[in-house]
Amino acid sequence: MAFSAWFQCIHGCNEHYPLTEIIYRCKRCGGLLEVVHDMNELKKNSPAEWKQIFDERYMRTTWPYGSSVWGKKELVCPVVDNENIVSMYEGGTNLFWARRFGEEIGLEDLWIKQCGNSHTGSFKDLGMTVLVSMVKQMIAEGKDIKAVACASTGDTSASLAAYCAAAGIQAVVFLPKDKVSHAQLIQPIANGALVLSLETDFDGCMAIVQKICEENNIYLANSMNSLRIEGQKTISIELAQQFDWELPDIVIIPGGNLGNVTALGKGFLMMYELGLIDRLPRIVCAQAERANPLYMSYLTGFKEYHPIQARQTLANAIQIGNPVSIEKATHILKAFNGIVEQATEDELANAAARADRTGLFNCPHTGVALAVLIKLINRKIIKSTDRAVVISTANGLKFPEFKINYHEGRLKDVAPEHINLPLVLPADLSDVKRTLREKIGY
Ligand SMILES: *Cc1c(COP(=O)(O)O)cnc(C)c1O
Ligand SMILES: [Zn+2]
């Protein structure tokens, strides 16, 4: 079958461009592009046939289909040749029943999708494998691309650097100086990217990288490049697959630039259109109170939207005041009876730590989603019998300063409720015994 996909303007301009063209915006109206698939071709397989194909490939080793992104290649990016795919086995992340945490907060059927258990420790790998593969394809077809560049709050640059290194392509990353964690900074350094630390915030880096990429021999890897959305879309497809093609009632996801919430919705809509699922879940986008332009717009029923100056937040990957995917995300939230809710620094840090006590190890962005989950349960918007899924976006191990500072009580504007510090004792048996008696009744 001849599956095909192309870029198309989201404003319905009827402008189409091939996925191998270096283009990020509509030539007529300047609007964002999205990848559109030939759905008639895809519908030639029945839902049962697609499910069987995806299930047969899932987490096997037949390259490149063992990757859960490329296992859905026909729905993601059919135009790349398998020999140009740059993959490090994306997706297949654990989806587990967070039983104890759910019980504590009054929800029996709570699940966590650990998208941060991936090659570079965040869900960004799902999109980056598609983008870098397409760059390799374009280079193979003779395009003059010197490098791939992105502005980043940390995780995008780590992912871009790793995939470019795997492909032998130069990466250039623009980071806001002193606003990313050590772990986030060291990844692109280790992978040999050219790292430019600018004295500005994410939005400032974004403005510059867009100008640099206008020259066209440096390819832009930010999520205004809709190839990444196609890979991230597999979060919802994989979620359905892991639940044996049943759907949860509600999915909660943190949002900054709003590419991921867009991708989540797009994946569900595509499955719905193909008949793989017969209903849609409700989507909740969780924002940090200090970077909440979507939340402010939601309060007006999405009638108004104003970019804001994002303030510094522990959830640094979503510290974005002018999200590039605002229009797409608004469209998705309307289609999914969506909710937007926010979390303060205190709420996000305590929610992350509280859930850590039940065996998780949350990044601050997942903390935002967990705090919002608790709020919506308390308000009875999420019912105790609902099946809810929280999308955990990064691995907590990437944020050691956040964790340590929490337990040492050094986070600004956070009153830590779950501190646990090591007890320093002499190496003396009776001291140790007395302490154990006091602490755990030994
Ligand atoms: C990028 C990122 C987000 C936000 O995703 P958007 O697509 O920008 O909304 C959330 N959490 C983590 C850990 C991220 O890296
Ligand atoms: Zn247009």
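Residues numbered from 1 in each chain as written. Chains lettered and ligands numbered in written order. Predicted model: local features only at pLDDT ≥ 70, side-chain atom pairs only at ≥ 80, totals over all residues. Heavy atoms only, no water.

Colleague: Mind showing me how you'd approach the overall build of the chain here?
Modeller: Counting its secondary structure elements, the chain contains 17 helices and 13 strands. Relative to the compact-globule value of 22 Å for 442 residues, the chain shows a C-alpha radius of gyration of 22 Å, a close match. Across the 442 residues in the chain, those meeting the buried criterion constitute 59%. Sequence-distant contacts in the chain: of pairs separated by 6 or more residues, those separated by 24 or more amount to 69%. Of note, the chain has its 45 positive side-chain charges centred 2 Å away from the centre of its 49 negative side-chain charges. (Helix = DSSP H or I, 4+ residues; strand = E, 2+ residues; numbered from the N terminus. Rg over C-alpha atoms; globule rule 2.2 N^0.38 Å. Buried < 20%, exposed > 50% of the residue type's maximum accessible area, 1.4 Å probe, protein only. Contact = heavy atoms within 4.5 Å. Lys, Arg positive; Asp, Glu negative; His and termini not counted. Charge placed at Lys NZ, Arg CZ, Asp CG, Glu CD.)

Colleague: Would you explain the packing of helix α10 (residues 234-242) against helix α11 (residues 259-274) in this entry?
Modeller: The geometry of a pair of packed helices is captured by two quantities: the angle between their axes and the separation between those axes. Taken N-terminus to C-terminus, the directions of α10 and α11 make an angle of 55 degrees; their axes are 6 Å apart at the nearest point. Taken together, α10 and α11 sit at an angle that is classed as oblique. The segment α10 lies against α11, with I235, S236, I237, L239 and A240 engaging N260, A263, L264, G267, F268 and M271. (Axes fitted to C-alpha atoms, helices over the stretch in contact; angles between N-to-C directions. Parallel < 35°, antiparallel > 145°, perpendicular 65-115°, else oblique.)

Colleague: What should I look at first to understand the pattern of salt bridges in this one?
Modeller: Pairing between side chains becomes possible if they bear opposite charge and their charged atoms approach one another. This structure, assessed with the given rule, holds 25 salt bridges. Linking E347 and K375 is a salt bridge whose minimum nitrogen-to-oxygen distance equals 3.0 Å. Here E347 is found in helix α14 (residues 345-356), whereas its partner K375 is found in helix α15 (residues 364-378), with 28 residues between them in sequence. Classification of E347 as partly exposed rests on a relative accessible area of 28%. Of the charged contacts, one joins D386 and K383 as a salt bridge, the two residues approaching to 3.9 Å between their closest N and O atoms. For D386, a relative accessible area of 10% puts it in the buried group. It is possible to trace a salt-bridge network through shared partners that takes in E341, E347, K375 and R379. (Salt bridge = Lys/Arg side-chain N within 4 Å of Asp/Glu carboxyl O.)

Colleague: Help me understand the site of ligand 1 in this model?
Modeller: Close to ligand 1 lie 14 residues, the nearest being K124, D155, G256, L258 and T393. Separating an oxygen atom of ligand 1 from a backbone N or O atom of G256 is a distance of 2.8 Å. The contact in question runs from a nitrogen atom of ligand 1 to an N or O atom on the side chain of T393, over 2.8 Å. Here ligand 1 loses 97% of its free accessible area of 380 Å² to cover by the protein chains. Among the residues forming the shell around ligand 1, the class breakdown is 5 nonpolar, 7 polar and 2 charged. (Near = heavy atom within 4 Å. Polar contact = N/O pair within 3.5 Å; in protein donor to acceptor, adjacent residues only side chain to side chain. Areas by Shrake-Rupley, 256 points an atom, 1.4 Å probe, with all protein chains shown as cover. Nonpolar A, V, L, I, M, F, W, Y, C, P; charged D, E, K, R; others polar.)

Colleague: Mind showing me how you'd approach helix α8 (residues 202-213) here?
Modeller: Owing to its 3.6 residues per turn, the α-helix brings residues three or four apart onto one side. Between its terminal C-alpha atoms α8 stretches 16 Å, which fits the 16 Å expected from 12 residues at 1.5 Å a residue. Every buried residue of α8 is accounted for by F202, C205, M206, V209 and C213. One face of α8 carries all of its buried residues, which in axial projection span an arc of 100 degrees. Buried positions along α8 lie against β6 (147-151), β7 (171-176), β8 (194-198) and β9 (218-220). (Expected span 1.5 Å × (residues − 1). Arc of directions from axis to C-beta.)

Colleague: How should I be thinking about α11 in this particular structure?
Modeller: For α11, spanning 16 residues, the distance from its first C-alpha to its last is 22 Å, which sits close to the expected 22 Å at 1.5 Å a residue. Along α11, 13 of the 16 residues are buried, which leaves the element largely enclosed by surrounding structure. Of the residues one or two after α11, G275 is the one with positive phi, at around 80 degrees.

Colleague: Mind showing me how you'd approach the coordination of the zinc ion (ligand 2) here?
Modeller: Think of it this way: four donors in a tetrahedron around the metal ideally sit 109.5 degrees apart, and six in an octahedron ideally sit 90 or 180 degrees apart. The zinc ion (ligand 2) binds to the protein through C9 (SG), C13 (SG), C26 (SG) and C29 (SG), with metal-donor distances spanning 2.3 to 2.4 Å. For the zinc ion (ligand 2), the 4 donor atoms are set out with angles of 101 to 120 degrees between them, so the coordination reads as tetrahedral. Counting the intervening residues between successive donors of the zinc ion (ligand 2) yields the motif C-x3-C-x12-C-x2-C. Of this pair, C9 sits in strand β1 (residues 5-9) while C29 sits in the loop between β2 (16-18) and β3 (33-37), and the two are 20 residues apart along the sequence. (Donors = N, O, S within 2.8 Å, 3.2 Å for Na, K, Ca; no water. Tetrahedral: all angles 85-135°; square planar, octahedral: opposite > 155°, others 65-115°.)

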